[in-house]
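# Observations on chain architecture
Take a look at the letters that make up each chain.
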2 protein chains.
Amino acid sequence: MPQLGLLRGRAWTVLLGQLRRPPGSVCIRAVRSHSQVAEALFASQLKPHQEKSNFIIKTPKGTRDLSPQQMVVREKILDVIVSCFKRHGAKGLDTPAFELKEMLTEKYGEDSGLIYDLKDQGGELLSLRYDLTVPFARYLAMNKVKKMKRYHVGKVWRRESPTKVQGRYREFYQCDFDIAGQFDPMIPDAECLKIMCEILSGLQLGDFLIKISWKDVRHEMVVKKGLAPEVADQIGDYVQCHGGISLVEQMFQDPRLSQNKQVLEGLGDLKLLFEYLTLFGVAEKVSFDLSLARGLDYYTGVIYEAVLLQTPVHAKEEPLNVGSVAAGGRYDGLVGMFDPRGHKVPCVGLSIGVERIFSILEQRMKTFGEKIRTTETQVFVATPQKNFLQERLKLIAELWDAGIKAELMYKNNPKLLPQLHYCENMGIPLVVITGEQELKEGVITLRSVASREEVAIKRENLVAEIQKRLSES
Amino acid sequence: MPQLGLLRGRAWTVLLGQLRRPPGSVCIRAVRSHSQVAEALFASQLKPHQEKSNFIIKTPKGTRDLSPQQMVVREKILDVIVSCFKRHGAKGLDTPAFELKEMLTEKYGEDSGLIYDLKDQGGELLSLRYDLTVPFARYLAMNKVKKMKRYHVGKVWRRESPTKVQGRYREFYQCDFDIAGQFDPMIPDAECLKIMCEILSGLQLGDFLIKISWKDVRHEMVVKKGLAPEVADQIGDYVQCHGGISLVEQMFQDPRLSQNKQVLEGLGDLKLLFEYLTLFGVAEKVSFDLSLARGLDYYTGVIYEAVLLQTPVHAKEEPLNVGSVAAGGRYDGLVGMFDPRGHKVPCVGLSIGVERIFSILEQRMKTFGEKIRTTETQVFVATPQKNFLQERLKLIAELWDAGIKAELMYKNNPKLLPQLHYCENMGIPLVVITGEQELKEGVITLRSVASREEVAIKRENLVAEIQKRLSES
């Protein structure tokens, strides 16, 4: 029976394929018994190219839905970040999810292959934005804006290889803060680093360090600062070192460097930066590290990257390798690439990677079994009796109209216990109960879910009493 | 000189092309003098297919950036909407910007041609989401969720024809609220209408009306409710009518309808809906109108649409035709289209169209010349003297660390007047001033921008004093 053997082999392939699906995905019209699989395969041997109607219900590769629990975590993260951006006087800005394809061309170097293009359906050629920086530069050039401090929170898309480490998604949030304009040296740069520190401290992610480097050190030192190549090679020593202002001072003392006026200027900028960081109280969080040489194509000067130190905050937590959680730097040439006359607008900025921070906080919540409220409901409108829907609807409309967050069960005649259980499960603090007794006496029973205490409140005082309780809690 | 005449004609075409560009766009490498244009055209006659390197810096057709002023308006709108959704106990949810192409197939009928597809760059075939409803249904089916009240605020994309009316964009925000699950009839439906009323009232857009209909009335009445086609034709009378509960009552009295059990049930549902709307205090905002027969393919029962009434709120305002600002309805079949066994999850929901509301509020602000603050900065750190950068940086870091929103000028030695002017322009309420005198006396001068009053505050009391003033204002 060679043919049956073949069938069996192929049936296994199908079944193994099912097992290999990502958890949580559902196979439409593919949930079949063994005999159904065999039957389908037999049919597909007869019509070998027609058995293709099955599809898996899933999100695209590298993307995901955020459940209500996850949404609460992300909202908290975004809130800390945006509050900090506003604390530093940034304005909001939004740009479209896609740009003309040519706007993104020649901005990302070898990463350009990761850009999502839209299909040519007639009209313009479009690409999904790859970051928020290039659209910002395009905005500045298009509107001839010479000076702006803005923040932007939005999704970006990159066709990352699927073999990347945990937390690498193809769709992810970026939170950017940038300062555009010609200013006295290193003041905006220092503020960007201060902001990074405030956000990482505010998110309570444990200890962190910001590494600073100079984009393409050699290029800077040799081409721009006019250092002889043989001297530039000698500076190689410093690539091994990392440290704070003391390392910069040490380089100052080095005659190989201090004899060159341009290099002295570069070191002067670095020294200035560390002076400002000291005044901001964050110098000990920042380390000068010439070995750091990553960053996107458009960076031109100082670049930095925040890494979490691997010691877990609590003994119970497992260390998690999350790589960098924020990055940024100076890009003085990018706006000029969009300007018809090449007019430059110097810029410096930073970008917070929300997804990695998210995965740390999510893991921590799982470890500690923290319960997250997914709604903000303050009051539940309940009844122990039948035929009280009308009363409940009138009551809840009154609460809504007073700005109170309220829910009820979408049932004509719900039982009391499930209503109270729902409140406990969802963390709703107050229940108002109406019934025949209450109606007769012109009162409402107000119950505290935590203490289970109940008091009768005059119907007309109910909203005021609830507002009083909520403002106290 | 026929050739010169030809050149002149083509030069005009080029120049006219420049004039036809949308305002605000910049032409890169195309700003030329007349003689340069002629020169280029002459060259292009020699190499006719090479003159194509010019490009316009702009956003894609049908999209736009939102400036800081516009962002403030949009944030205010979203805040009213999301607050209302939370007041009704909704959980948050997020889905990716794109879906597998096949997830969107056969969901939108003839509108499917407006879906943006992504280019096939290897891997899955993807499309940008067209609304937030289909991704929600996909989420419910994929996670086998049978009951959920969620809101979702996010961008959607539609390749609308560019000849559409003002306010039609190809990228726009939707704010959706939906209730999924099997519940007693018309309670969730009534809540959706109540929410629409709360939001439209809350946004102070002037008077509005919500029109209610039944998706494909004939189909419902004839195929589903078993009404004889000749009777269905007679109901045509009612398509001309619109009204509230009285119209429903009138139909109840009509023997052509009341003799049919199924139709009686349908009318019973409608009557119930209006009863609930009365209890919610919004019945007078809702009109039953069988002539309304629009809505997406997936709607199955009651559908509704909110329209602003055209009377302007203030005499100074010009009437603006904005069409509908919110829409929604019941879609009991959509989730089942994703479920392997076709299990249905009844759903009802609504969608608020932010862009149209935005254009109304923006126009109103322009009419009244309302000034919008684009930052939330509370305090500006200034100095009248040279060499006070260090002191200012120390001071502002202290404010930031105390959670106070603060800015300074990124200049080593700014003049005092521009610093004070900046505060007045930006609406920053407080200025702290440090100088030699203040340093000697251990104080800081605190200035109110509005009253121009200045008081000396002990350096160590500064943060507390600022916090006190801010909490009072």
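Refer to the structure printed above.
Bear in mind the structure is a predicted one, so any value in this text is a computation, not a measurement.

Scanning chain A from terminus to terminus reveals 17 helices and 18 strands. Across the 473 residues that make up chain A, the buried fraction comes to 52%. Considering only contacts within chain A whose residues lie at least 6 apart along the sequence, 69% involve residues at least 24 apart. Accessible surface, chain A: about 22000 Å² in total, of which carbon and sulfur atoms supply 52%.

Bringing the relation of the copies chain B and chain A into the picture now. Between the two copies, chain B and chain A, the superposition gives an RMSD of 0.1 Å; the rotation angle is 180° and the shift along the axis is 0.0 Å. The transformation just described matches what one would write down for a two-fold rotation axis. Of the residues that chain B buries at the interface, 100% are likewise interface residues in chain A, meaning the two copies contact each other through the same surface.

Residue and element names in this part refer to chain A. Spatially, the 9 strands line up as an open sheet ordered 3-6-7-13-12-11-8-10-9, and their pairing is mixed. Looking at strand neighbours, the two that pair on one side only are strand 3 (91-92) and strand 9 (242-243), the edges of this open sheet. The pairing of strand 12 (residues 324-330) with strand 13 (residues 347-353) spans 5 bridges and is antiparallel. By the bridge assignment, Ala-327 is partnered in strand 13 with Ser-351. Strand contacts of helix 3 (residues 68-87): strand 6 (148-157), strand 7 (171-180) and strand 13, with the helix running at about 5° to strand 7, the strand carrying the most contacts.

When their charged atoms lie close together, side chains carrying opposite charge are able to pair. Residues and elements named next belong to chain A. Applying the stated criterion across every chain, the model contains 49 salt bridges over all chains. The shortest N-O distance in the salt bridge between Arg-452 and Glu-424 comes to 3.1 Å. Of this pair, Arg-452 sits in the loop between strand 17 (443-448) and strand 18 (454-458) while Glu-424 sits in helix 15 (residues 416-426), placing them 28 residues apart in sequence. With relative accessibility at 36%, the residue Glu-424 sits in the partly exposed group.

Residues A:Lys147, B:Lys386, B:Lys411 and B:Lys415 make up a contiguous surface patch of positive charge. Within the secondary structure, B:Lys386 is located in the loop between strand 14 (379-382) and helix 14 (389-401).

Turning next to unusual backbone geometry. Residues and elements named next belong to chain A. Here the phi dihedral of Glu-106 falls at roughly 65°; this positive angle occurs in a residue that is not glycine. Here Glu-106 shows up in the loop between helix 4 (101-104) and strand 5 (126-128). The backbone phi angle of Lys-144 is positive, close to 50°, even though this residue is not glycine. By secondary structure assignment, the location of Lys-144 is in the loop between helix 5 (133-142) and strand 6.

Turning next to the nonpolar core. Counting 86 residues, the largest nonpolar core has A:Phe85, A:Tyr304 and B:Ile466 as the members making the most contacts within it. Listed in part, the 84 residues of the second largest apolar core include A:Val381, B:Tyr173, B:Ala283 and B:Leu308.

Right, let's get into the environment of A:Glu441. Within the secondary structure layout, A:Glu441 lies in helix 16 (residues 436-441). C-alpha of A:Glu441 to C-alpha of A:Leu416: the two residues are 25 residues apart in sequence and 20 Å apart in space.

A few words on the packing of aromatic side chains. For the coordinates displayed, the defined rule picks out 16 aromatic pairs over all chains. Ring plane angle 40° and centroid distance 6.0 Å describe the contact between A:Phe85 and A:Tyr151, whose orientation is recorded as tilted. One end of the pair, A:Phe85, is in helix 3; the other, A:Tyr151, is in strand 6, and 66 residues separate them in sequence. Summarising the burial analysis for this pair, A:Phe85 and A:Tyr151 share the class buried. Aromatic side chains A:Phe98 and B:Tyr116 sit 5.2 Å apart centroid to centroid with 50° between the ring planes, which places their arrangement in the tilted category. One end of the pair, A:Phe98, is in strand 4 (residues 98-100); the other, B:Tyr116, is in the loop between helix 4 (101-104) and strand 5 (126-128), on a second chain. On the accessibility criterion, A:Phe98 (0% relative accessible area) is buried. Since its relative accessible area comes to 4%, B:Tyr116 is described here as buried. Pairwise contacts between aromatic rings join A:Phe85, A:Tyr151 and A:Phe177 into one cluster.

Between chain B and chain A, the contact holds 98 residues from the first and 99 residues from the second. Contact with chain A buries area across many residues of chain B, yet B:Leu279, B:Trp400 and B:Tyr410 alone supply 10% of it, more than any other trio. Where chain B touches chain A, the interface holds 16 salt bridges. Across the pair B:Asp117 and A:Lys119 runs a salt bridge whose closest N-O atoms are separated by 3.7 Å. Our enumeration of links across chain B and chain A arrives at 42 residue pairs in polar contact (both at pLDDT 80 or more). With 8 residues, helix 14 of chain B is the largest single contributor of residues to the side of chain B that touches chain A. Per-class residue counts for the side of chain B that touches chain A are 48 nonpolar, 16 polar and 34 charged.

So, on to the sheet that holds strand 16 (residues 430-433) of chain A. Residue and element names in this part refer to chain A. Taking strand neighbours across the sheet as the criterion, the 5 strands line up as 15-14-16-17-18 in an open arrangement whose pairing is mixed. Each having just a single partner strand, strand 15 (406-408) and strand 18 make up the two edges of the open sheet. Each strand of the sheet is rotated relative to its neighbour by a mean of 30°, with strand direction disregarded. In the sheet, strand 16 pairs with strand 17 via 4 bridges, with the strands oriented antiparallel. Bridge pairing links Val-432 to Leu-446 in strand 17. In the packing of helix 15 onto the sheet, the strands contacted are strand 14 (379-382), strand 15, strand 16 and strand 17, and the crossing angle to strand 14 comes to about 175°.

Criteria and thresholds
Residues numbered from 1 in each chain as written. Chains lettered and ligands numbered in written order. Predicted model: local features only at pLDDT ≥ 70, side-chain atom pairs only at ≥ 80, totals over all residues. Heavy atoms only, no water. Helix = DSSP H or I, 4+ residues; strand = E, 2+ residues; numbered from the N terminus. Buried < 20%, exposed > 50% of the residue type's maximum accessible area, 1.4 Å probe, protein only. Contact = heavy atoms within 4.5 Å. Areas by Shrake-Rupley, 256 points an atom, 1.4 Å probe, with all protein chains shown as cover. Least-squares fit on C-alpha atoms with pLDDT ≥ 70 in both. Pairing = 2+ DSSP bridges. Axes fitted to C-alpha atoms, helices over the stretch in contact; angles between N-to-C directions. Salt bridge = Lys/Arg side-chain N within 4 Å of Asp/Glu carboxyl O. Patch = residues over 30% accessible without salt bridge, like charges linked within 9 Å, V, L, I, M, F, W, Y side chains within 5 Å. Lys, Arg positive; Asp, Glu negative; His and termini not counted. Charge placed at Lys NZ, Arg CZ, Asp CG, Glu CD. Core = buried A, V, L, I, M, F, W, Y, C linked by side-chain atoms within 4.5 Å. Phe/Tyr/Trp six-rings, centres within 6.5 Å; stacked < 30°, edge-to-face > 60°. Buried area = accessible area lost by both parts, 1.4 Å probe. Polar contact = N/O pair within 3.5 Å; in protein donor to acceptor, adjacent residues only side chain to side chain. Nonpolar A, V, L, I, M, F, W, Y, C, P; charged D, E, K, R; others polar.

Shape descriptors only; they carry no functional weight alone.
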